[in-house]
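Residue-level structural notes
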Amino acid sequence: MTETLCVTNNPNVRDTADAISVSFVSGSPHDVFVAARDRIHQGWKLAIHPLYGNFRPRRQPYRTLLLHDTGRTVDRESLELIESAFAAWRADAGGRHALDENALKEYARLDLALLEESLRTLKA
């Protein structure tokens, strides 16, 4: 069976995901992209699109990615997708704004809900 890994900077995911392995990243969504790219270079494959949910990367403070361990060489499609996420990050340079505690909680909840939906879809 293929191992699934969740790479995230969302503390709600770190604290609630028990069905899969979680790699928690301190930092921004960009840092999550970097951690995922490093895994892709080690033979992992993206299970979901890195720009899921139609959120511009700098507007959403939390990002959670699912990867599968293929045990093989670099998956070119995953590498292209993560590079497109980096390009979207660079293109939205002025997009980040300060968020209050309530907004951060809501974004964390939304990111977790999107992860749960992705997990349901992957199991189907």
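This write-up is about the structure you can find in this document. All figures in this text were calculated on a predicted structure; none of them were measured in a lab. (Residues numbered from 1 in each chain as written. Predicted model: local features only at pLDDT ≥ 70, side-chain atom pairs only at ≥ 80, totals over all residues. Heavy atoms only, no water.)

Brief notes about the pattern of salt bridges
Side-chain pairs of opposite charge can arise whenever the charged atoms involved come near each other. In plain terms, the rule: Take a side-chain nitrogen of Lys or Arg and a carboxyl oxygen of Asp or Glu: if they are within 4 Å of each other, that pair is a salt bridge. Numbering of helices and strands runs from the N terminus; a helix is a DSSP stretch of H or I covering at least four residues, while a strand is a stretch of E covering at least two. Buried means the residue's accessible area, taken with a 1.4 Å probe over protein chains only, is under 20% of the maximum for its type, while exposed means over 50%, and partly exposed covers the values in between.
Considering all chains together, one arrives at 2 salt bridges under this definition. A salt bridge links Arg 109 to Glu 106; the nearest nitrogen and oxygen atoms lie 2.5 Å apart. Of this pair, Arg 109 and Glu 106 both sit in helix H4 (residues 101-123), 3 residues apart, which is roughly one turn of the helix. Given a relative accessible area of 41%, Glu 106 falls into the partly exposed group.

Concerning the nonpolar core
Let me state the cut-off plainly: To qualify as a nonpolar core, a set must consist of buried Ala, Val, Leu, Ile, Met, Phe, Trp, Tyr and Cys residues joined through side-chain atoms within 4.5 Å. When checking whether two residues touch, look at their non-hydrogen atoms; a contact exists if any pair is within 4.5 Å.
Counting 24 residues, the largest nonpolar core has Phe 33, Leu 65, Leu 67 and Ile 82 as the members making the most contacts within it. If you list the elements that add at least two residues to this core, you get strand E1 (4-8), helix H2 (29-41), strand E3 (44-46), strand E4 (64-69), helix H3 (76-91) and H4. At 5 residues, H3 tops the list of elements feeding residues into this core. Other than its neighbours up to four places away in sequence, Leu 67 contacts Glu 3, Thr 4, Leu 5, Val 7, Ala 36, Arg 39, Ile 40, Trp 44, Lys 45, Leu 46 and Ala 47.

Here's the deal with H3
Inclusion rule: Expected helix span is taken as 1.5 Å per residue step, with the number of steps being one fewer than the number of residues. What the arc measures is the spread of directions leading from the helix axis to the C-beta atoms.
With 16 residues, H3 extends 22 Å between its outermost C-alpha atoms, agreeing within 8% with the 22 Å of an ideal straight helix rising 1.5 Å per residue. For H3, the set of buried residues is Ser 78, Leu 79, Ile 82, Ala 85, Phe 86 and Trp 89. All buried residues of H3 project into a common sector of 120° when viewed along the axis, lining one side. In H3, those exposed residues whose orientation departs by more than 90 degrees from the buried face are Arg 76, Glu 77, Glu 80 and Ala 91. Contact partners of the buried residues in H3: H2, E3 and E4.

Examining H4
Quick reminder of the rule: Identification of polar contacts relies on pairs of N or O atoms within 3.5 Å, with a donor-acceptor requirement for protein atoms, meaning one able to donate a hydrogen and the other able to accept it, and with residues adjacent in sequence counted only if both atoms are side-chain atoms.
With 23 residues, H4 should cover 33 Å at 1.5 Å per step; its first-to-last C-alpha distance of 33 Å lies within 8% of that length. Among all positions of H4, only Ala 108, Asp 111, Leu 112, Leu 115 and Ser 118 are buried. The inward-facing, buried residues of H4 contact E1, helix H1 (11-16) and E4. The distance from a side-chain oxygen at the start of H4 to the backbone nitrogen of Asn 102 is 3.2 Å, and the residue carrying that oxygen is Asp 100.

A look at the packing of aromatic side chains
As a reminder, the rule being used: By convention, a stacked pair of Phe, Tyr or Trp rings (six-membered ring in the case of Trp) has centres within 6.5 Å and planes under 30 degrees apart, an edge-to-face pair has planes over 60 apart, and any other such pair is tilted. Whether a charge sits over a ring comes down to the Lys NZ or Arg CZ being within 6 Å of the ring centre and within 35 degrees of the ring normal.
For the coordinates displayed, the defined rule picks out 1 aromatic pair. Relative to Phe 86, the ring of Phe 33 has its centre 6.0 Å away and its plane inclined at 80°; by these criteria the two rings are edge-to-face. Of this pair, Phe 33 sits in helix H2 while Phe 86 sits in helix H3, and the two are 53 residues apart along the sequence. Comparing Phe 33 with Phe 86, the two get one shared label, buried. Just above the ring of Tyr 52 sits the side chain of Arg 63; from NZ or CZ to the centre is 4.7 Å.

As for the pairing of E1
Quick reminder of the rule: Strands qualify as paired when DSSP identifies two bridges or more between them.
Burial within E1 is extensive, with 5 of its 5 residues counted as buried. Inspection of the sheet shows E1 paired to E4 by 5 bridges, in the antiparallel sense. Of the residues in E4, the one forming a bridge with Val 7 is Leu 65. Taken together, the 4 bridges between E1 and strand E2 (residues 21-24) define a ladder with parallel strand orientation. Following the sheet pairing, Thr 8 is matched in E2 by Phe 24.

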